[in-house]
Amino acid sequence: MMVRRHVSAVPVVDGNRRVLGMISEGDLLRRVEIGTDRRKSWWYALLADPTTRARDYVKANAARAADIMTTPVISISDTTDVTEIVDLMQRSDIKRVPVVKGGKLVGIVSRRDVIRSLGKTPSGAARARGDDASIRELLRKKLSTLGWADAALVNFIVEKGVIELNGLVPSADQRDAIRVMAERIPGVRKVKDRLQVRPAALYYA
């Protein structure tokens, strides 16, 4: 079914569509049918405890979904924010998460779905345009709320949608972050990055 439908994982549900587990490509890699089960090498027998070896045997030989599925299942609701989904995927190191409503499976969100939604968001010229005064005000507010840069040492000029950044920052990463933040402001056509990287200890030298 996974091959036919071109999916990398499937949920396991009961008769009431309650999610019991997930089966992914990773759960099917070590199988006797294709000769990829763990070889009985001496180091495996030495290092793996009996419980681990028994679990590996089940994964490689079992014929029922219940025996090879991954549990417990991390799930989300149909109202979970996309940013929360991304945080959950990164924190739990998972590639997909089932969507549950009223205790029943209603869908699955994968990394590909997140990327697809990113491709639908407006960017560049497609974003709403703002005048220079609006850009200045928004940039000033964003700089003042940064917790990783000294806004007092960053100056900027906005003219016809072009932002020119000047000043000092402690690192190249912070310089890049400020530039990206400026580029994301609606109405900005271009950002001229003239920020200089200088360690904080040298600011007042």
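Since the model is a prediction, treat every value here as computed from it, not as a measurement.

Rules used in this analysis
Residues numbered from 1 in each chain as written. Predicted model: local features only at pLDDT ≥ 70, side-chain atom pairs only at ≥ 80, totals over all residues. Heavy atoms only, no water. Pairing = 2+ DSSP bridges. Helix = DSSP H or I, 4+ residues; strand = E, 2+ residues; numbered from the N terminus. Core = buried A, V, L, I, M, F, W, Y, C linked by side-chain atoms within 4.5 Å. Buried < 20%, exposed > 50% of the residue type's maximum accessible area, 1.4 Å probe, protein only. Salt bridge = Lys/Arg side-chain N within 4 Å of Asp/Glu carboxyl O. Axes fitted to C-alpha atoms, helices over the stretch in contact; angles between N-to-C directions. Contact = heavy atoms within 4.5 Å. Patch = residues over 30% accessible without salt bridge, like charges linked within 9 Å, V, L, I, M, F, W, Y side chains within 5 Å. Areas by Shrake-Rupley, 256 points an atom, 1.4 Å probe, with all protein chains shown as cover. Lys, Arg positive; Asp, Glu negative; His and termini not counted. Charge placed at Lys NZ, Arg CZ, Asp CG, Glu CD. Expected span 1.5 Å × (residues − 1). Arc of directions from axis to C-beta. Polar contact = N/O pair within 3.5 Å; in protein donor to acceptor, adjacent residues only side chain to side chain. Right-handed = clockwise from strand over helix to strand, strands pointing away.

Bringing the sheet that holds strand β3 (residues 76–77) into the picture now. Read across the sheet, 3 strands follow the order β3-β4-β5 without closing on themselves; strand pairing throughout is mixed. The strands lining the two open edges of the sheet, one partner per strand, are β3 and β5 (104–110). Taken together, the 2 bridges between β3 and strand β4 (residues 96–101) define a ladder with parallel strand orientation. Residue pairing across strands places Ser77 opposite Val100, the latter belonging to β4.

Membership of the largest hydrophobic core comes to 17 residues, with the highest contact counts inside it found for Leu139, Leu143, Phe156, Ile163, Leu165 and Ile178. Among the secondary structure elements, those contributing two or more residues to this core are α7 (132–144), β6 (154–159), β7 (162–169), α8 (172–183) and β8 (190–197).

Counted according to the given criterion, the structure contains 12 salt bridges. Measuring nitrogen to oxygen at the nearest pair gives 3.7 Å for the salt bridge that ties Asp78 to Lys101. Of the two residues, Asp78 sits in the loop between β3 and α5 (82–92) while Lys101 sits in strand β4, which places them 23 residues apart along the sequence. The exposure class assigned to Asp78 is partly exposed, which follows from its relative accessible area of 43%. In this structure, the salt-bridge partner of Asp193 is Arg175, at a minimum N-O distance of 3.8 Å. Of this pair, Asp193 sits in strand β8 while Arg175 sits in helix α8, and the two are 18 residues apart along the sequence. According to the relative accessible area criterion, Arg175 is partly exposed, its value standing at 25%. Because the salt bridges share partners, they merge into one network encompassing Arg175, Asp176, Arg179, Glu183 and Asp193.

Moving on: the sheet that holds β6. Strand pairing in a sheet relies on backbone hydrogen bonds, with the paired strands running either antiparallel or parallel. Taken in spatial order, the 3 strands make up an open sheet running β6-β7-β8, and their pairing is mixed. Each edge of the open sheet is held by one strand with a lone partner, namely β6 and β8. Within the sheet, the average angular offset between the axes of one strand and its neighbour, ignoring direction, is 10 degrees. Sheet topology note: the β6/β7 ladder contains 6 bridges and is antiparallel. Bridging across to β7, Val154 finds its partner in Gly167. Sheet strands in contact with α8 are β6, β7 and β8, and its direction is about 160 degrees off that of β8.

A contiguous patch of positive charge, built from Lys160, Arg189, Lys190 and Lys192, is present on the exposed surface. Positionally, Lys160 belongs in the loop between β6 and β7.

Here we take up α7. Here α7 contains 13 residues, and its C-alpha end-to-end distance of 18 Å stays within 8% of the 18 Å for a straight helix at 1.5 Å per residue. Those residues of α7 lying buried are Ile135, Leu139 and Leu143. Projection of α7 onto a plane perpendicular to its axis shows the buried side chains occupying an angular sector of 60 degrees, all on one side. Next to the buried residues of α7 lie β6, β7 and α8.

Let us look at the environment of Asp27. Relative to the assigned elements, Asp27 resides in the loop between β2 (19–24) and α2 (42–47). By relative accessible area, which is 10% here, Asp27 ends up buried. Residues Asp27 and Met69 lie 42 residues apart in sequence; the distance between their C-alpha atoms is 7.0 Å. Non-local contacts of Asp27, meaning those with residues more than four positions away in its chain, are made with Met22, Lys59, Ile68 and Thr70. One polar contact links Asp27 to Lys59, side chain to side chain, over a distance of 2.9 Å. A distance of 3.0 Å separates a polar atom in the side chain of Asp27 from a polar atom in the side chain of Thr70.

As paired elements, β7 and β8 share 8 bridges and run parallel to each other. Along β8, the bridge assignment pairs Leu168 with Gln196. With α8 bridging β7 and its parallel neighbour β8, the resulting β-α-β unit is right-handed.

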